[in-house]
Amino acid sequence: FRVDMDVVREKALEVRPTVLVPWLLKKRGQPELVGRASRVHGPHADMVRALHAELQVPCEELGSVQSLRQALVEKYTFILTINALGLERDETLGELLLSVPSRVEALAREAAELGADRARTTVDEEACVAATRDAMQALSGIKARGRTAGERVLRALRDAKNLGIATPMLDDVAQKLR
């Protein structure tokens, strides 16, 4: 029995789920940090927005499936970019924006291209890069390196290879892992 994931993805969108793309960081014993407004799309978006409002966490409703795909790729771009940067440098997100801004942008562009291909969509790459910079600024005091950063970067490289996408910046990061 073989599952065609393309069919599963398309059928999932036909069902019209409510999908949330959160930009909230909450770690035990620490206050909530908001990277940017969370994005929500689907039939229960009003309820999700109301819950966010009660928690005083910003949340925006998206008007289309394409805008949801854009939001998902923006979040993927942010996560992959900061994971890669964190493997290279032991700095906070704010320090990275100041010390290696061109590296931030280049990694974000690679991540946006890969994210779009993984999602089988087209996106506004500039918006992905801007979302990454904005969230890094909003979360400027946290360290970039997560405990699963290396695994995420290696998984992204496998995906890029399978999709035929050149990722010289991520390849460079991975060389340091080996």
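Residues numbered from 1 in each chain as written. Predicted model: local features only at pLDDT ≥ 70, side-chain atom pairs only at ≥ 80, totals over all residues. Heavy atoms only, no water.

Draft legend 1. Fine view of the environment of Leu163. Along the polypeptide, Leu163 turns up in helix 7 (residues 149-163). When the C-alpha positions of Leu163 and Ala50 are compared, they lie 39 Å apart, and in sequence the two are 113 residues distant. Look past the residues within four positions of Leu163 in its chain and what remains in contact with it is Leu114, Asp117 and Arg118. (Helix = DSSP H or I, 4+ residues; strand = E, 2+ residues; numbered from the N terminus. Contact = heavy atoms within 4.5 Å.)

Draft legend 2. Spatial organisation of the sheet that holds strand 5 (residues 59-61). Taken in spatial order, the three strands line up as 1-4-5 in an open sheet, and their pairing is mixed. The sheet is open, and its two edges are formed by strand 1 (19-21) and strand 5, each paired on a single side. Here the average twist between neighbouring strands, direction ignored, is 20°. Inspection of the sheet shows strand 4 (residues 38-41) paired to strand 5 by three bridges, in the parallel sense. Residue pairing across strands places Ser38 opposite Cys59, the latter belonging to strand 5. Across the sheet, helix 3 (residues 65-88) lies against strand 1 and strand 4, angled at about 35° from strand 1, the strand it touches most. (Pairing = 2+ DSSP bridges. Axes fitted to C-alpha atoms, helices over the stretch in contact; angles between N-to-C directions.)

Structural measurements only, silent on function.
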